[in-house]
Amino acid sequence: MITLGIESSCDETAVSVIEDGRKILSNTVFSQIKTHAKYGGVVPEIASREHLQAINYVVRESLAEANIDFDDIDLIAVTMGPGLVGALLVGMSYAKGLALALDKPLIGVNHMEGHVAANYLAHPDLEPPFASLIVSGGHTYLVDVTSYTDYKVIGQTRDDAAGEAFDKVSRVLGLGYPGGPAIQKAAEKGNPQAIDFPRVMLEKDSYDFSFSGLKTAVTNYLHNQKQKDVEIDIYDTAASFQEAVLDVLVEKSVRLVKELGRDKFVLSGGVAANKPLRERLEKEMSELGVKTYFPPLSLSTDNAAMIACAGYYNYKEFGPGDLDINVYPNLGLRKG
Ligand code: KG4
Ligand code: ZN
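None of the values given here were measured: they were computed from a predicted structure.

(A) Examining the pairing of strand E3 (residues 23-31) more closely. Judged from the 8 bridges that link them, strand E2 (residues 12-19) and E3 form a sheet pairing that is antiparallel. Of the residues in E3, the one forming a bridge with glutamate 12 is serine 31. From the end of E2 to the start of E3, which pair antiparallel, there are 3 residues, and aspartate 20 there has a positive phi angle of about 50°.

(B) Fine view of the side chain of glutamate 12. Looking at the secondary structure, you find glutamate 12 in strand E2. In this structure, glutamate 12 is buried with no salt-bridge partner, the nearest side chain bearing the opposite charge being lysine 34 at 12 Å. Polar side-chain contacts of glutamate 12 include one of 3.2 Å to the side chain of serine 31. Not counting residues within four places of it along the chain, the set of residues in contact with glutamate 12 comprises Glu7, Val29, Phe30, Ser31, Ile33, His51 and Asp302.

(C) Focus on the domain arrangement of the chain. Domain annotation for the chain reports domain 1 (2-115 + 299-318) and domain 2 (128-295). On a C-alpha basis, the centres of domain 1 and domain 2 stand 27 Å from each other. Contact with domain 1, which involves 19 residues of that partner, is made by 17 residues of domain 2. Where domain 1 abuts domain 2, roughly 1,500 Å² becomes buried across the two surfaces, and 66% of that area is made up of carbon and sulfur atoms. Counting the surface domain 1 buries against domain 2, the share from its top three residues, Met112, His115 and Ser300, is 37%. If you look at where domain 1 meets domain 2, you find 0 salt bridges. The tally of links between domain 1 and domain 2 comes to 6 residue pairs in polar contact (both at pLDDT 80 or more). Those elements that provide at least two residues to the side of domain 1 that touches domain 2 are helix H1 (33-37), helix H4 (111-122), helix H10 (297-300) and helix H11 (305-318). Looking at which element gives the most residues to the side of domain 1 that touches domain 2, the answer is H11, with 4 residues. Within the side of domain 1 that touches domain 2, the residues separate by chemical class into 9 nonpolar, 6 polar and 4 charged.

(D) Geometry of the packing of helix H5 (residues 162-172) against helix H6 (residues 179-187). Closest axis-to-axis distance for the H5/H6 pair is 8 Å, and the angle between their directions is 65°. Of the possible angle classes, the one that applies to H5 and H6 is roughly perpendicular. In the packing of H5 onto H6, the handedness of the crossing is left-handed. Residues Phe166, Asp167, Val169 and Ser170 of H5 form the contact with H6, whose own contacting residues are Gly179, Gly180, Ala182 and Ile183. Here the contact of H5 with H6 is composed, by residue class, of 4 nonpolar, 3 polar and 1 charged.

(E) Quick look at the site of ligand 1. Of all residues adjacent to ligand 1, which total 18 residues, the nearest are His115, Gly137, Asp167, Gly180 and Gln184. At a separation of 3.1 Å, an oxygen atom of ligand 1 approaches a polar side-chain atom of histidine 111. Backbone polar atom of glycine 270 to an oxygen atom of ligand 1: 3.0 Å apart, as the coordinates give it. Of all elements in the fold, only H4, H5 and H6 reach the threshold of two or more residues within the shell around ligand 1. Looking at side-chain class alone, the shell around ligand 1 contains 4 nonpolar, 12 polar and 2 charged residues.

(F) Quick peek at the sheet that holds E3. Across the sheet, which stays open at both edges, the 5 strands sit in the order E3-E2-E1-E4-E5 with mixed pairing between neighbours. Looking along the sheet, the strands with just one partner apiece sit at the ends: E3 and strand E5 (106-110). Strand-to-strand, the axes of this sheet are offset by a mean angle of 20°, without reference to chain direction. Bridging between strand E1 (residues 2-7) and E2 involves 6 bridges; their strand directions are antiparallel. Counted as the bridge partner of isoleucine 2 is glutamate 19 from E2. Its contacts with the sheet place helix H2 (residues 44-66) against E1, E2 and E3, and it is angled at close to 25° to E2.

Parameters and conventions
Throughout this document, residue positions are counted from 1 along each chain, in the order its sequence is written. Each chain is given a letter, starting from A, and each ligand a number, starting from 1, according to the order in which they appear as written. Residue-level local features of this predicted model are given only where pLDDT is at least 70; pairs of side-chain atoms are given and counted only at 80 or more, and the full residue set underlies all totals for whole chains, interfaces and linings. Each side-chain value is worked out from all heavy atoms of the structure, with water and hydrogens disregarded. Two strands qualify as a pair provided that DSSP identifies no fewer than 2 bridges between them. Where helices and strands are cited, they refer to DSSP runs of H or I of at least four residues and of E of at least two residues respectively, numbered from the N terminus. Each residue is placed in one exposure class: buried if its accessible area under a 1.4 Å probe, protein chains only, is under 20% of its type's maximum, exposed if it is over 50%, and partly exposed if it falls in between. A positive count includes Lys and Arg, and a negative count includes Asp and Glu. His and the chain ends are not counted in either. We count a salt bridge whenever a side-chain nitrogen from Lys or Arg sits within 4 Å of a carboxyl oxygen from Asp or Glu. Here a polar contact is recorded for every N or O atom pair within 3.5 Å, except that within protein the pair must consist of a potential hydrogen donor and a potential acceptor, and residues adjacent in sequence are included only if both atoms are side-chain atoms. Contacts are assigned to residue pairs that have any heavy atoms within 4.5 Å of one another. Domain start and stop positions are those given by an automatic or database domain assignment. Note on terms: buried area is the combined drop in 1.4 Å-probe accessible area of two parts once they are placed together, counting the loss on both. As a working rule, the residues Ala, Val, Leu, Ile, Met, Phe, Trp, Tyr, Cys and Pro are called nonpolar, Asp, Glu, Lys and Arg charged, and the rest polar, with Gly in that last group. Lines fitted to the C-alpha atoms define the axes, with helices restricted to the stretch that makes contact. Angles between their N-to-C directions range from 0 to 180 degrees. Working definition: roughly parallel below 35 degrees, roughly antiparallel above 145 degrees, roughly perpendicular at 65 to 115 degrees, and oblique for all remaining angles. Two helices that cross are described as forming a left-handed crossing if the nearer one is turned anticlockwise from the farther one by less than a right angle, and a right-handed crossing if clockwise. A cutoff of 4 Å decides nearness: a residue is near a molecule or strand if any of its heavy atoms lies inside that distance of it.

Structure below.
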């Protein structure tokens, strides 16, 4: 069964062809990062226009790489949310038009489920149930994944997502966009213990997150140093900030795995590309006898193979969606 995946929720126009849910035949990503970098973040209006310009080309490129024709497609899976409304609409409208023209089923996919599904593509042996941390630019979730289509949300961010904090701190440090890779690189040259930034754990038993206070603490720190005319060590600041984020993510993940008694832990989302995060989780989980899974870098950040994979499992469980499907910028995870 051939699934065509289409992803356009943010600043990547991505199209992929997968076979039988888990085998990638092509995974084409047209990134707009260079366009948005000069503005210090994604400009929604520009993102929509760029998607519109790129999508036809990216689809054809992806089909050619997979060595298939339009007629070979059995299912079209498209991101329906969460994301930027104008950006989502481009992928959705294209997918609807294609489904109508080819008379093929269409399924809308939750982008966050897609991030988890990236792990099914990367690890052929991986099956639910497992505990999972999904950390992207817009969302931070701790979930119990009980089946391919059931996600029990245990915790989520009450304000900024982890990736958003990386992006904002990178901006104030003058390290550019996207912030995650830039902070990780700068942090390699710094001392993570240099500055004691807050680790916001919230209530004792809470699995929720809050990263906006940390972002403010970094901004205030930089401001105070400047006022005192003290030279700022960007590397130490980046390393100390990253350490504070990781401490919170790792502590809550470990606590969740213990509480649920799961023997598998799955990390996903753009922030899953963070090397120290991967290493720390892997180490702490292995001490508990828990196996940690994360996708390779190419499947950690936004791509359409993960959307095709999640779409395949949703289609098998629920059947096709309607052609009157909308986009949902604030779509949450289904609570199973
Ligand atoms: O999942 P994603 O590609 O897009 C969204 O769905 O939001 O995640 C993008 C986020 C950005 O905030 C980016 O700074 C962050 O992932 N990111 C990283 C790293 N690479 C990307 N954060 C920390 N360390 C990284 N190496
Ligand atoms: Zn994403």
